[in-house]
Amino acid sequence: MAGSYPYTSEANRYKYVADVFDTLVLRDIRQKYRIRNVQQLERLCDFMMDNVGNVTSIRNIAKALATNGLKVSDKTIGAYLGYLCNSYAFYRVRRYDIRGKRYLASGDKHYLVDQSFRYAKRGTKNMDWGHVYENIVAIELLRRGYEVYTGTLYKKEVDFVALRQGEKVYIQVSDDLSNERTFRRECEPLLQIHDAYPKMIIARTRHSEYGYEGIRIVDIARWLLG
């Protein structure tokens, strides 16, 4: 039937998405920058997909790849990571010291432009859904026009400090808040922020929005639709 969906099986859908990533990202980067060792670029992509939401440094990435049998210099990792960000495959998010009100020079996070690339290239086993949701929220905040940073406060982390035209909001992202210990862990960094800007936790609550000690608790699906 004309206009019917051509990818009827999950395997075909994932193959198509993987081909899109390989063609639009890896092939174009390889050709534009005349990269000879394609394996290094591919392994870097795999590592970054597996570590979305984790604080990373170029040196630590190089060490991790070397542990898995791929020797690559810090300089090469830095260059390739720059290429991936310039192609909008990944977005770099810098760290921000909330108390000192300054940007930190090291320990960035990187988020994948679309989680379907992760599913297609790396599969769905052993998924860290907290980091998946964090990635989704990061990309959506950027789409809504926010500057996005990762906040640090008294050695604790706030997932996002989002800024837009004088507006500021502190955001934690979680998979499941049903466990009391998890709920308190997510709330604690926000409760230590003593300015008047809004604070919220975005999680898979499956409930209507509610509040706790001035913190908005919002279901991620409702937030995305909003």
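On a predicted model such as this, the values are computed, not experimentally measured, just so you know.

Definitions and cut-offs
Residues numbered from 1 in each chain as written. Predicted model: local features only at pLDDT ≥ 70, side-chain atom pairs only at ≥ 80, totals over all residues. Heavy atoms only, no water. Helix = DSSP H or I, 4+ residues; strand = E, 2+ residues; numbered from the N terminus. Buried < 20%, exposed > 50% of the residue type's maximum accessible area, 1.4 Å probe, protein only. Contact = heavy atoms within 4.5 Å. 1 Å grid on protein atoms, 1.4 Å probe; cavity = no way out; pocket = protein on both sides within 12 Å on 5 of 7 lines; lining within 4 Å. Points joined across faces, edges and corners; volume = space filled by probe spheres on them. Nonpolar A, V, L, I, M, F, W, Y, C, P; charged D, E, K, R; others polar. Phe/Tyr/Trp six-rings, centres within 6.5 Å; stacked < 30°, edge-to-face > 60°. Expected span 1.5 Å × (residues − 1).

Student: Give a detailed account of the side chain of Thr56, specifying residues and quantitative values.
Tutor: As for its position among the elements, Thr56 is in the loop between helix 2 (38-50) and helix 3 (58-67). Overall, the relative accessible area of 10% leaves Thr56 in the buried class. When sequence neighbours within four positions are dropped, the list of residues in contact with Thr56 reads Ile61, Gly107, Asp108 and His110.

Student: A description of the layout of surface pockets should follow, citing residues and the corresponding values.
Tutor: In this structure, the largest pocket spans a volume of roughly 240 Å³. Listed by contribution, the elements that provide at least two residues to the lining of the largest pocket are helix 6 (129-143), strand 6 (156-164), strand 7 (167-174) and helix 7 (180-191). Among the elements that make up the lining of the largest pocket, the one with the highest residue count is helix 7 (four residues). For the lining of the largest pocket, the class distribution of residues is two nonpolar, five polar and nine charged.

Student: Tell me about the packing of aromatic side chains, and please be specific about residues and values.
Tutor: Across all of its chains, the model carries seven aromatic pairs by this definition. Ring pairs connect the aromatic residues Tyr33, Tyr80 and Tyr83, which therefore count as one cluster.

Student: Break down helix 4 (residues 74-86) for me, citing the residues and quoting the values.
Tutor: End to end, helix 4 covers 18 Å across 13 residues, agreeing with the expected 18 Å (1.5 Å per residue, within 8%). In the core, the buried residues of helix 4 are packed alongside helix 1 (10-32), helix 2, helix 3, strand 1 (90-93) and strand 4 (109-112). Tyr88 occupies a position one or two residues after helix 4 and carries a positive phi of about 65°.

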